[in-house]
Amino acid sequence: MTLTVILVDCGLELIPKEIINNPAIQKSIKNRSYPLKLLDNALHHTSMGKLKNLTKRGRPDIVHACLLNALGSPLSKSGNLKLYMHTVNNKLYKINTEIKIARNYNRFKGLMAKLLIEGEIRTEDLLLISRIEKKLSELLKSISSEEIILFSSKGKLVKNHFELFDKNLTKNYVVILGCFQKGYFSDDISNLSNKIVSISRYHLDAWVALSKVIGYYEISNDIV
Ligand SMILES: C[S@@+](CC[C@H](N)C(=O)[O-])C[C@H]1O[C@@H](n2cnc3c(N)ncnc32)[C@H](O)[C@@H]1O
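Starting afresh in each chain, residues are numbered from 1 along the sequence in its written order. Local features are withheld for residues below a pLDDT of 70 in this predicted model, meaning they are given only at 70 or higher, and side-chain atom pairs are given and counted only at 80 or more; totals for whole chains, interfaces and linings count all residues.

## Topic: the site of the ligand
In this text, near has one meaning. A residue is near a molecule or strand if its C-beta atom, placed using the backbone, is within 6 Å of it. Inspection of the region around the ligand gives 18 residues, with F151, S153, G178, L204 and A209 positioned closest. Secondary structure counts use DSSP, requiring at least four H or I residues in a row for a helix and at least two E residues in a row for a strand, with both numbered from the N terminus. Secondary-structure elements contributing two or more residues to the shell around the ligand are β6 (147-157), β7 (173-178) and α9 (206-220). Partitioned by chemical class, the residues of the shell around the ligand number nine nonpolar, seven polar and two charged. Polar here means any residue other than Ala, Val, Leu, Ile, Met, Phe, Trp, Tyr, Cys and Pro, which are nonpolar, and Asp, Glu, Lys and Arg, which are charged; Gly is therefore polar.

Listed below in structure tokens is the structure:
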């Protein structure tokens, strides 16, 4: 039985057309290397003002922290994690949990830009990240799971793992977490499940919330 984690609204995109001609952006992309093709709030902040949905965009650093947390967990090492990434532009990707994500942020950005441009990351014999040509709702229908849980600080507070997951890997769960800095799920995403759960009285960073959810699942199922 598996825990399927879907990281939604990831701030992962190439520099959009609306701002590509901005002189500051042109200066930064002159050397044409992959990492510089990715929108990154830390570099492009001053040019991003006009973009819609701004608080969810240009944050590959949050995706990086989340992927390192999920893929380095005992859950992942035990083979019981399935991982998907959904971007602010509604692109969906499946991540093979055997991938070794670059620890170095710049190398990670290069990998993500390559993914967005080419649609997949592979070695000679292993597909590591692949594009899924489906909507989120269609993906959820295709996964056999007994429960879909959305995590949000606006949800019903649970205080321990018993309230969240059954013991002993008896059920398949899908958990959906926001991979963004501020704001809440759009209605389209909120409507994907009736079960919205909070795991803290506080607004947590995405990677902290993800780590806690995975930790609860590991404790429930004796994955150490
Ligand atoms: C930085 S938060 C987004 C900010 C938003 N104000 C919030 O607290 O949900 C990123 C993601 O972390 C998860 N998260 C943060 N705090 C949480 C909490 N107290 N309970 C459950 N999930 C939480 C949610 O999935 C959220 O979309």
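## Observations regarding unusual backbone geometry
Of note in the backbone geometry, N90 takes a positive phi value of approximately 65° without being a glycine. Among the secondary structure elements, N90 is positioned in the loop between β2 (81-87) and β3 (92-95). Although it is not a glycine, D222 adopts a positive phi angle of roughly 55°. Examined against the element boundaries, D222 turns out to sit in the segment after α9.

## Brief notes about the environment of F180
Here F180 shows up in the loop between β7 and α8 (187-190). In the structure, F180 is positioned 51 residues away from I129 in sequence and 20 Å away in space, judged by C-alpha atoms.

## Re the packing of helix α4 (residues 60-71) against helix α6 (residues 105-118)
Here an axis means a line fitted to C-alpha atoms, over the contact stretch when the element is a helix, while the angle between two N-to-C directions is reported on a 0 to 180 degree scale. At their nearest, the axes of α4 and α6 sit 10 Å apart, and the two run at 100° to each other. With respect to α6, the element α4 is oriented roughly perpendicular. Residues P60, D61 and H64 of α4 touch α6, and the partners they reach there are Y105, F108, K109 and M112. Of the residues contributing to the contact of α4 with α6, the split by class is four nonpolar, one polar and two charged. Here is the rule for angles: anything less than 35 degrees is roughly parallel, anything more than 145 is roughly antiparallel, 65 through 115 is roughly perpendicular, and the remaining ranges are oblique. Placing a C-beta atom from the backbone of each residue, one calls two residues in contact when those atoms lie within 7 Å.

## A short note on α6
End to end, α6 covers 20 Å across 14 residues, agreeing with the expected 20 Å (1.5 Å per residue, within 8%). Within the span of α6, buried status applies to F108, K109, L111, M112, A113, L115 and L116. At its buried positions, α6 is contacted by α4, β3, β4 (120-122) and β5 (127-132). Residue G119 follows α6 closely and has a positive phi angle near 85°. To estimate how far a helix should reach, multiply one less than its number of residues by 1.5 Å. Around each residue's C-beta, the other C-beta atoms within 10 Å are counted; 20 or more make the residue buried, 12 or fewer make it exposed, and counts in between make it partly exposed. All C-beta atoms are placed from the backbone.

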